[in-house]
Protein chains: 4
Amino acid sequence: MIFASDNTGPTHPNVLQAVVEANAGHTTPYGADHLMEQVTQRLRDVFEAPQAAIYLVSTGTAANAITLACQTQPYQTVFCSDVAHIHEDECGAPEFFTGGAKLTLIPNDDGKMTPAGLRTAIEGEENRGVHGLQRGPVSITQATEKGTVYTLDEIRAITDIAREYALPTQMDGARFANALVTLGCTPAEMTWRAGIDAVSFGGTKNGLMGVEAVILLDSEKAWEFELRRKRAGHLISKHRYMSAQMGAYLKDDLWLDMARAANTACNSLTRGLKQNPDVTLHFEPRANIIFAAWPRAIHRKLHDAGAYYYILDGGLDGPGDAPLTARLVCDWSADEAKVSAFLAKMTA
Amino acid sequence: MIFASDNTGPTHPNVLQAVVEANAGHTTPYGADHLMEQVTQRLRDVFEAPQAAIYLVSTGTAANAITLACQTQPYQTVFCSDVAHIHEDECGAPEFFTGGAKLTLIPNDDGKMTPAGLRTAIEGEENRGVHGLQRGPVSITQATEKGTVYTLDEIRAITDIAREYALPTQMDGARFANALVTLGCTPAEMTWRAGIDAVSFGGTKNGLMGVEAVILLDSEKAWEFELRRKRAGHLISKHRYMSAQMGAYLKDDLWLDMARAANTACNSLTRGLKQNPDVTLHFEPRANIIFAAWPRAIHRKLHDAGAYYYILDGGLDGPGDAPLTARLVCDWSADEAKVSAFLAKMTA
Amino acid sequence: MIFASDNTGPTHPNVLQAVVEANAGHTTPYGADHLMEQVTQRLRDVFEAPQAAIYLVSTGTAANAITLACQTQPYQTVFCSDVAHIHEDECGAPEFFTGGAKLTLIPNDDGKMTPAGLRTAIEGEENRGVHGLQRGPVSITQATEKGTVYTLDEIRAITDIAREYALPTQMDGARFANALVTLGCTPAEMTWRAGIDAVSFGGTKNGLMGVEAVILLDSEKAWEFELRRKRAGHLISKHRYMSAQMGAYLKDDLWLDMARAANTACNSLTRGLKQNPDVTLHFEPRANIIFAAWPRAIHRKLHDAGAYYYILDGGLDGPGDAPLTARLVCDWSADEAKVSAFLAKMTA
Amino acid sequence: MIFASDNTGPTHPNVLQAVVEANAGHTTPYGADHLMEQVTQRLRDVFEAPQAAIYLVSTGTAANAITLACQTQPYQTVFCSDVAHIHEDECGAPEFFTGGAKLTLIPNDDGKMTPAGLRTAIEGEENRGVHGLQRGPVSITQATEKGTVYTLDEIRAITDIAREYALPTQMDGARFANALVTLGCTPAEMTWRAGIDAVSFGGTKNGLMGVEAVILLDSEKAWEFELRRKRAGHLISKHRYMSAQMGAYLKDDLWLDMARAANTACNSLTRGLKQNPDVTLHFEPRANIIFAAWPRAIHRKLHDAGAYYYILDGGLDGPGDAPLTARLVCDWSADEAKVSAFLAKMTA
């Protein structure tokens, strides 16, 4: 009954199998392997973007930070929500990679940046001439850290504003697949057709060992990306094992199947929680993450039964029985049995 | 007949098997997996360093650059040889990670920094007060990029000078194992007993998919290392697959066996080349790399037969038959048959 | 009738005279001039801090950013108010000089950081382990950008919290003198006796051509400061002209006289504005800056009469007669006549 | 008898007078003063470059480093001589301002970069693909740190190579005027007509209190320069005093007169030294700097008589009487009397 993070789950067997198969013989290193050629072609097809530059790195932080460094001058500021992963969970990676740019935080609504908030933030910069930072890229997280999902209209409303100010856009898609299956649209619709210039296309949280693809829909910065990746120690020498993972991920839409499985489990869990009068949901879950509160005693019961997940605002052993908020994440391997067991234990 | 790089070779089956086995169930991410506990303990045993801080990263560039960033202030300079990997092959990663420190290049002798050269370089800094950079760490590569190996006395002669000036020391051990089996000493003898403070303990070039251990023999900077690693996007979430690789590497001294195999193949190849009057060796190979020159016609013959390796100073199709220098690298999977076939083809 | 900024005003004649006098003959450059010796001694006396390290730079941004770089690791965050000069008016200098640290913005109350706000901000960091930035220094502006002044108790309340978390403290004292004469205390009382570790002791806004002193009350980082200053291009070669300015500034308490003159003019102006029913004050002015709103028509009248000051929220030519906010700054040369003329014009 | 540095000398009285005169009344800060308008126009005239962007900063290190930061990506390398000020005397400012670029050092001949050396250095980069740094700007020092001067043909030979590789060029002209009067050419001839893109036009060493102009002959990076200058704390608020200095410098060719005076004194000193059989000149002095060796006893005699200059390779009190190298610098205020007294003392 582990719902701690999609980072705690296993890798899909097909992916491991592909890694094992990739091991035969000698191969050109540093991304020039033939498996990567296939991955590039496949991702261009998937994104309907035949000119896109495609790169693999091993963490989402690297994917976001290297991309943002290509989009941001040191004297600019990146617009993101106040709960964005790039602000809260990367120990300052964007600041490091950009050479000291700033992040301008936009108050989130339901985990998301709002168009009004973005416009206010943009207008709040560049009103002090050379004394203030200049406007830089707009970065959104899809699905958000709160488990919500931008609709296509919401994405477009944001990128329209970015376009108005001639600012580039980036999508942190660590949970890209989870958002996509929720929206039921195509990758192209959720990205470049909605005005997104660069995507961190997550794989690690969705069944890979550790691979994220960066998709530069505008490939003008491709060579700069390669140099910044190398310089950051993120160019993998035995790259074929990265390519193999991503290849298996894309094959026969495994990535979508895994995301669907995670979301389905999350939906089941959400339904069950809603039926429990002791539970309050903080956001309406739209992907594979739930934030919900219930009394400490129930947390204790779950814990004693072996359930494992993050409690955000207190410990199991505190006094009283005030509700504590849990973050529950379903990964691709979460199934009905696990969900049922968890829900049953809550009310047992 | 591929001798292009130890990055082109396969992963050892034991390592792949360990990765597959590590896949069962859910595990704590970000290095808190139980496999990492075992790796830490095992590496402390191997290095006879019970207090050492141990971290895994996915590239040698990351290992070196994060370590050097912990050892170097931005206004200092790192002393290294003019053929050091950190100077020539990391696209400025040390400069990036340190916030703009400099590298002071010491002319190499046989691929190695000399004590006299180091002393001259150190004395050449800090003679301009605040106007020049301050002295920072001394970094050596073991085995060197030229396939040579520092003896224990040579390491000690260098670290003695570093100690004299109170400078920390770092060993880029991308080919640590190859050097170790050549010297026939213990890891402790080649590192902290010889005055080394921090080691990049390479695995990737020696049979892993992509794991390097950083060993901070002085653990004072351990927390700083963790923060810099995260901030650089090098903290792997599904860390268990890294731990599994390193665990298999260390188990039953697989790492030493693989290095021995590579060095043995290299020795055979060297012997064969020496018997060929058309061949001139540039360095006396001491690990798993050979630099040797022979006429273009022979390069062409090898190429036509499917041999693959780097030619440093010209193309196959140039005019004349002046000797061209080859770099030949033997990885753990190189065997007698491959070596013999190559040598036979040269003289066929 | 210029109240645009204390940067628009002239230099005090005594200061110019000292610069002219400093010109005789040859002198050791780079801060080793004998005038600097006197400045150092004098500032140590003024601050009752015989061990303090004292440096001169030519801008407040340099003073703040170099100091903060000495106090902040790249993976830390600086706590400051959301209207701090280091956030709003230095084009990211702290981020640049620290190698990409972050600023954590604390909502201001009356232009000031509150102890409660600081505690909340501090507690809001370091709750994500290695994933979030670590807590760094606390920086306050005295007097604030809003023309308000921290009382000694307010400073102490803030530094007590910093001490509790073992965080260093910095005071941006671009208008140090204006605050000091308001409080009627000693420099020691307003700084180290109140828990401040480092001070940017402003001179430029208060009658110098361009000199700020940095006072490191804890001199442990003195050499690092010197290196970072040089590396940033802020070590002035013909330093004697800097020393001469600061020497004249300190002589016979000229600096206090000038601040008193500025504050007195500001008080007169405030009194006058309060008597005008068309005027709304945004803050209670405590130093030499006033934020006040009045109808556009009056702004127009003042402008036509040659008054010059910043209007923050609209132009003279906009429609309607909604009140627009003016920022009025009195420098040391502002006198009763100028104030009276301005006030008279408003009601003329 | 002070020949220590052109940084030890006084400011020209005309310059001081201009500063005093600039003090009247209130003026727009941050470079928008009317004196700066005149300076910009005058420098555009002087350089015959009506489109050039012109900025003032207070140190040569700032001038060089901000300019290079505009010309260099962090993953590039700057080509300069191994005795360049940007390498030896700026404590890593170029590395800091560029975000960690490298300097590729070219062995100097007579203090100068040679075309052949430059070509070799350029060819030595970008031969490792993404693993090595990319080629960046070419920077030369005119006059050099060794007191030599590039001829127009020599400059052109270097910039021709830069053009061939599409690399920008920068001239560190801390002693621009000294070189110019030696060559007897126009500023345009020595810069853009010879292929130079950006110039640090020194004033501080040649009679100003502390002002260098940056001249961006290609103004494409002008706004970036302004942002980087501000962000580095180098935008001076009370800028009029900077403008006044530069205005006086340019007025009636004072800058050329001062450089001529310095060079003339240097020529006299050189002639005198050449007539002394105890003296060996290391370079043929072409500007205002002499490197020459003579026996320790003579150094001692000069020192006892109050002469002050740098001795590079030993102390006055060492044993024996081996020749020690002196660096002698003549500033604008050096006159025949001072030179004669020095020469007389040597042979007294």
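Please read all numbers here as calculations on a predicted model, not as lab measurements.

K.L.:
It is not clear to me how the relation of the copies chain B and chain A should be interpreted in this structure. Could you clarify?
P.N.:
Related by rotation about an axis and a shift along that axis, the two copies of the chain form a pair. Here chain B sits on chain A after a turn of 180° about the axis and a move of 0.0 Å along it, with an RMSD of 0.0 Å. Taken together, the rotation angle and the small translation identify this as a two-fold axis. Residue Ala 232 of chain B of chain B places its C-alpha closer to the rotation axis than any other residue of that unit, at 3.5 Å. A shared interface surface links the copies, since 100% of the contact residues of chain B are contact residues in chain A too.

K.L.:
Help me understand the state of the cysteines in this model?
P.N.:
Tallying each qualifying case throughout the model produces zero disulfides over all chains. The cysteine Cys 266 of chain C is free of any disulfide, with Cys 330 of chain C supplying the nearest cysteine sulfur at 4.8 Å.

K.L.:
Sorry if this is basic, but what is going on with the environment of His 299 of chain B here?
P.N.:
Residues and elements named next belong to chain B. Here His 299 is to be found in helix H13 (residues 296-304). His 299 sits in the buried class, given a relative accessible area of 0%. Taking C-alpha positions, His 299 is 25 Å from Lys 205, a pair spaced 94 residues apart along the chain. Excluding residues that lie within four positions of it along the chain, His 299 makes contacts with Trp 294, Tyr 309, Ile 311, Leu 316, Leu 324 and Ala 326.

K.L.:
In this structure, what is going on with the pairing of strand S11 (residues 323-329) of chain C? I would like to understand it.
P.N.:
Looking down a regular strand, the side chains alternate between one sheet face and the other. All names here are of chain C. Counting buried positions over the seven residues of S11 gives six, a clear majority of the element. In this sheet, S11 lies alongside strand S9 (residues 289-295) in antiparallel orientation, the contact comprising seven bridges. Directly across from Ala 293, in S11, lies its bridge partner Thr 325. Sheet topology note: the strand S10 (residues 310-311)/S11 ladder contains two bridges and is antiparallel. Note that in S11 the partner of Tyr 310 across the bridge is Arg 327.

K.L.:
What is the right way to look at the interface of chain D and chain A in this model?
P.N.:
Quite often, the size of an interface is put as the accessible area lost when its parts meet. With 21 residues of chain D in contact, the opposing surface of chain A contributes 21 residues. Of all residues in chain D, Tyr 75, Val 130 and Arg 231 of chain D bury the most surface against chain A, accounting for 38% of the area lost on that side. Linking chain D to chain A there are zero salt bridges. Per-element accounting of the side of chain D that touches chain A gives the leading share, seven residues, to helix H10 (residues 222-231) of chain D. Tallied by class, the residues present in the side of chain D that touches chain A amount to nine nonpolar, seven polar and five charged.

K.L.:
Got a minute to help me understand a nonpolar patch on the surface in this structure?
P.N.:
On the surface, a nonpolar cluster with roughly 280 Å² of combined accessible area is contributed by Tyr 308, Tyr 310 and Leu 312 of chain A. Under the relative-accessibility criterion, Leu 312 of chain A is labelled partly exposed at 49%.

K.L.:
How do you make sense of the interface of chain B and chain A when you look at a structure like this?
P.N.:
Residue-level contacts link 48 residues of chain B with 48 residues of chain A. Regarding the contact of chain B and chain A, the summed buried area is about 4100 Å², with carbon and sulfur atoms giving 57% of it. By the criterion of area lost to chain A, the three top residues of chain B are His 26, Arg 231 and Lys 238 of chain B, representing 19% of everything that side buries. Inspection of the region where chain B meets chain A yields zero salt bridges. Elements with a contribution of two residues or more to the side of chain B that touches chain A: helix H1 (13-21), helix H3 (60-71), helix H5 (93-98), helix H10 (222-231) and helix H11 (240-250) of chain B. In the side of chain B that touches chain A, the residues fall into 20 nonpolar, 19 polar and nine charged.

K.L.:
Any chance you could explain the packing of helix H8 (residues 176-183) of chain C against helix H12 (residues 254-274) of chain C here in plain terms?
P.N.:
Two numbers describe a pair of packed helices, the interaxial angle and the distance between the axes. All names here are of chain C. Contact pair H8 / H12: the axes reach a minimum separation of 8 Å and the direction vectors enclose 80°. It follows from the interaxial angle that H8 and H12 lie roughly perpendicular. Contact residues: Phe 176, Ala 177, Asn 178, Leu 180, Val 181 and Thr 182 in H8; Trp 255, Leu 256, Ala 259, Arg 260, Ala 262 and Asn 263 in H12. For the contact of H8 with H12, the class distribution of residues is eight nonpolar, three polar and one charged.

K.L.:
Can you help me understand the relation of the copies chain D and chain A in this one?
P.N.:
In screw terms, the move from chain D to chain A is a rotation of 180° and a rise of 0.1 Å along the axis, fitting with an RMSD of 0.1 Å. Of the residues that chain D buries at the interface, 100% are likewise interface residues in chain A, meaning the two copies contact each other through the same surface.

K.L.:
Help me out: how do you make sense of the nonpolar core in this one?
P.N.:
For soluble globular proteins, the rule of thumb is that nonpolar side chains tend to be buried together. Formed by 129 residues in total, the largest nonpolar core has its most connected members in Phe 201 and Met 246 of chain A together with Phe 201 and Met 246 of chain B. What Phe 201 of chain A contacts, discounting residues up to four positions off in sequence, is Leu 43, Phe 47, Gly 173, Phe 176, Glu 212, Ala 213, Ile 215, Met 246, Tyr 249, Leu 250 and Trp 255 of chain A. Judged by nonpolar contacts, the second largest core, of 128 residues, contains Phe 201 of chain C together with Phe 79, Tyr 241 and Leu 250 of chain D.

K.L.:
Explain the packing of H13 of chain B against helix H14 (residues 336-347) of chain B here, please?
P.N.:
Residues and elements named next belong to chain B. Between H13 and H14, the least distance of the axes is 9 Å, while the angle of their chain directions is 130°. By the angle between their directions, the pair H13 and H14 is classed as oblique. In the packing of H13 onto H14, the handedness of the crossing is right-handed. Of H14, the residues touching H13 (which contributes Ile 298, Lys 301 and Leu 302) are Phe 342, Lys 345, Met 346 and Thr 347. The residue inventory of the contact of H13 with H14, partitioned by class, reads four nonpolar, one polar and two charged.

K.L.:
Which parts of the structure should I look at to understand the sheet that holds strand S10 (residues 310-311) of chain A?
P.N.:
Two orientations exist for strands paired in a sheet by backbone hydrogen bonds: parallel and antiparallel. Residue and element names in this part refer to chain A. Within the open sheet, the four strands sit side by side as S8-S9-S11-S10. Their pairing is antiparallel. Because the sheet does not close on itself, it has two edges, and the strands there are strand S8 (280-281) and S10. Sheet contacts for helix H12 (residues 254-274): S8, strand S9 (289-295) and strand S11 (323-329); angle to S9, the most-contacted strand, approximately 25°.

K.L.:
Which parts of the structure should I look at to understand the domain arrangement of chain A?
P.N.:
Residue and element names in this part refer to chain A. Looking at chain A, the domain boundaries give domain 1 (11-252) and domain 2 (255-347). Here domain 1 and domain 2 have C-alpha centroids that lie 28 Å from each other. In this complex, domain 1 contributes 28 residues to the contact, which on the side of domain 2 involves 17 residues. In total, domain 1 and domain 2 occlude about 1900 Å² of area from one another, counting both sides; carbon and sulfur atoms represent 63% of this. Along the contact surface separating domain 1 from domain 2 lie zero salt bridges. At the boundary of domain 1 and domain 2, one finds eight residue pairs in polar contact (both at pLDDT 80 or more). Among the elements that make up the side of domain 1 that touches domain 2, the one with the highest residue count is helix H8 (residues 176-183) (seven residues). For the side of domain 1 that touches domain 2, the class distribution of residues is 13 nonpolar, ten polar and five charged.

Calculation criteria
Residue indices follow the written sequence of each chain, beginning from 1 at its first position. Labels follow written order: the first chain is A, the first ligand is 1, and so on. pLDDT decides what is reported in this predicted model: residues at 70 or higher carry local features, side-chain atom pairs at 80 or more are listed and counted, and totals for whole chains, interfaces and linings draw on all residues regardless. Side-chain figures throughout are based on the complete set of non-hydrogen atoms in the structure, without hydrogens or water. Least squares is used to superpose the copies, and the fit set is the C-alpha atoms of residues whose pLDDT is at least 70 in both copies. Two residues qualify as a contact provided that any one of their heavy atoms is within 4.5 Å of a heavy atom in the partner residue. A pair of sulfur atoms, both from cysteines and within 2.5 Å, is called a disulfide here. For helices the rule is a DSSP run of H or I covering at least 4 residues; for strands it is a run of E covering at least 2, with both sets numbered from the N terminus onward. Here's how the labels work: a residue is buried when its accessible area is under 20% of the maximum for its type, exposed when over 50%, partly exposed in between, all with a 1.4 Å probe on protein chains only. Strands are labelled as partners when DSSP assigns at least two bridges between them. A 1.4 Å probe defines the accessible area here, and the buried area is the portion of it lost by two parts on being joined, summed over both. Here, a salt bridge means any Lys or Arg side-chain nitrogen found within 4 Å of an Asp or Glu carboxyl oxygen. Three classes are used: nonpolar for Ala, Val, Leu, Ile, Met, Phe, Trp, Tyr, Cys and Pro, charged for Asp, Glu, Lys and Arg, and polar for all others, with Gly counted as polar. Nonpolar side chains (Val, Leu, Ile, Met, Phe, Trp, Tyr) are joined into patches within 5 Å and like charges within 9 Å, using only residues with over 30% relative accessible area and no salt bridge. Working definition of accessibility: Shrake-Rupley area with a 1.4 Å probe, residue cover restricted to the visible protein chains. A fitted line through C-alpha atoms represents every axis, and for helices the fit uses only the stretch in contact; the resulting angles, taken between N-to-C directions, go from 0 to 180 degrees. Working rule for angles: under 35 degrees goes down as roughly parallel, over 145 as roughly antiparallel, 65 to 115 as roughly perpendicular, anything else as oblique. For this analysis, a nonpolar core means a set of buried residues of the types Ala, Val, Leu, Ile, Met, Phe, Trp, Tyr and Cys, connected via side-chain atoms within 4.5 Å. Throughout, a crossing is termed right-handed when the near helix is turned clockwise from the far one, and left-handed when it is turned anticlockwise from it by less than a right angle. Domain boundaries shown here were taken from an automatic or database domain assignment. Counting of polar contacts relies on pairs of N or O atoms within 3.5 Å, with two restrictions inside protein: one atom must be capable of donating a hydrogen and the other of accepting it, and residues adjacent in sequence are counted only when both atoms are side-chain atoms.

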